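# Reading the structure
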Amino acid sequence: MEKRMTNKVLVINGPNLNLLGKREPDIYGAETLASIEDKCQKRASDLGLTVEFRQSNTEGEMVDWIQQAEDNFDILIINAGAYTHTSVALLDAIKATLTPVIEVHLSNIHQREEFRHHSFISKAAKGMICGFGGFGYEMALDAANSILKND
Ligand code: DQA
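Along every chain, residues carry numbers that run from 1 in the direction the sequence is written. Per-residue local features of the predicted model are confined to residues with pLDDT of at least 70, and side-chain atom pairs are confined, for both listing and counting, to 80 or more; whole-chain, interface and lining totals are unaffected and use all residues. Only hydrogens and water are set aside; all other atoms, that is, all heavy atoms of the structure, feed into the side-chain values.

Quick look at the site of the ligand now. We call a residue near a molecule or strand when any one of its heavy atoms sits within 4 Å of it. As a matter of local geometry, the ligand sits amid Arg23, Tyr28, Asn79, Gly81, Ala82, His85, His105, Leu106, Ser107, Ile109, Arg112 and Arg116. Any N or O atom pair separated by 3.5 Å or less is treated as a polar contact, with the protein-specific requirement of one donor-capable and one acceptor-capable atom, and with residues adjacent in sequence counted only for side-chain atom pairs. Within the contact set of the ligand, an oxygen atom lies 3.2 Å away from a backbone nitrogen or oxygen of Ala82. At 2.8 Å from an oxygen atom of the ligand is found a main-chain nitrogen or oxygen belonging to Leu106. Only the protein chains shown count as cover for residues, and all accessible areas are computed by the Shrake-Rupley method using a 1.4 Å probe. Protein coverage of the free-state accessible area of the ligand, which is 330 Å², stands at 99%. More than half of the atoms of the ligand fall within 2 Å of the grid points belonging to the largest pocket. Residue classes follow a fixed rule: Ala, Val, Leu, Ile, Met, Phe, Trp, Tyr, Cys and Pro count as nonpolar, while Asp, Glu, Lys and Arg count as charged, and any other residue, Gly among them, counts as polar. Among the residues forming the shell around the ligand, the class breakdown is 4 nonpolar, 5 polar and 3 charged. A cavity here means a set of points on a 1 Å grid, drawn over the protein atoms and nothing else, where a 1.4 Å probe fits but cannot get out; a pocket is an open set with protein on both sides within 12 Å along at least five of seven lines, and a residue lines either one if it has an atom within 4 Å of a point. A cavity or pocket is said to hold a molecule if more than half of that molecule's atoms lie within 2 Å of its grid points.

Laid out in structure tokens, this is it:
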């Protein structure tokens, strides 16, 4: 059966991203997750997309959201936080879904500690944006728009 196209994007944020604004601002900037979401809502409406933002500190909940996305969303944007570097469960969930996934990180993970250089998410994501702070989420929306309109 053909997938229904609704141009709906789900943005999943992983552990500690609820602390943006006060968490290591020298690395992650002063912007809060709510402010990033606001900008994404504006960008999405300009592009004719709808976007839903979620955040969880729990790996299993993120797995559930990835599994359920297929029924309600056309594309996923994920910043898995520290689970990026540890979670085979998130990788398996992404491999199992038909929904395309775009990986985002605020910081440039390749300029940081060695343990942040490897991403399990990248093994299955369509592409990855890192190092542009909160603006990376808007870049990911542009990428989502191009995937949705061209695929
Ligand atoms: C992060 C990078 C991760 O290494 C870190 O654990 C995070 C945030 C980023 O957005 O730069 O929590 O995903």
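There is more to say after this.
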